Amino acid sequence: MADVDLALLAQQNAEILEELKALRREVAELKEQSDRTLDFERRNDPRRPNNLTRR
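Thresholds applied
- Residues numbered from 1 in each chain as written.
- Predicted model: local features only at pLDDT ≥ 70, side-chain atom pairs only at ≥ 80, totals over all residues.
- Heavy atoms only, no water.
- Helix = DSSP H or I, 4+ residues; strand = E, 2+ residues; numbered from the N terminus.
- Buried < 20%, exposed > 50% of the residue type's maximum accessible area, 1.4 Å probe, protein only.
- Areas by Shrake-Rupley, 256 points an atom, 1.4 Å probe, with all protein chains shown as cover.
- Expected span 1.5 Å × (residues − 1).
- Polar contact = N/O pair within 3.5 Å; in protein donor to acceptor, adjacent residues only side chain to side chain.
- Salt bridge = Lys/Arg side-chain N within 4 Å of Asp/Glu carboxyl O.
- Patch = residues over 30% accessible without salt bridge, like charges linked within 9 Å, V, L, I, M, F, W, Y side chains within 5 Å.

### So, the overall build of the protein chain
Moving on, step 1. Helix and strand counts for the protein chain come out as 1 helix and 0 strands.
Moving on, step 2. By residue count, 4% of the 55 residues in the protein chain fall in the buried class.
Moving on, step 3. Per element, the accessible surface of the protein chain, about 5400 Å² overall, is 56% carbon and sulfur.

### Observations regarding helix α1 (residues 6-43)
Moving on, step 1. Counted at 1.5 Å a residue, the expected span for α1 with its 38 residues is 56 Å, and the 55 Å between its end C-alpha atoms agrees.
Moving on, step 2. Among the residues of α1, the N-terminal cap falls to D5, whose side-chain oxygen and the backbone nitrogen of A7 are separated by 3.2 Å.

### Overview of the pattern of salt bridges
Two side chains with opposite charge may pair up if their charged atoms get near one another.
Moving on, step 1. Tallying each qualifying case throughout the model produces 3 salt bridges.
Moving on, step 2. Residue K31 pairs with D35 through a salt bridge whose shortest N-O separation is 3.1 Å. Of this pair, K31 and D35 are both found in helix α1, 4 residues apart, which corresponds to roughly one turn of the helix.

### A word on a nonpolar patch on the surface
Moving on, step 1. Taken together, V4, L6 and L9 make up a surface patch of nonpolar side chains, about 300 Å² in accessible area.
Moving on, step 2. Structurally, the position occupied by L6 is in helix α1.

Structural data, given as structure tokens:
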């Protein structure tokens, strides 16, 4: 059986987990920004029937 460097694997695993956490935070931030943009676009859509500011 090949020699396995458990310390190296543990370090790589920790780095991967940190990167995954960072990516999850970034996705959550992008989703929040996207939701705000969509809300803004819906509110300002002149085709929207209940948009009273454009009548």
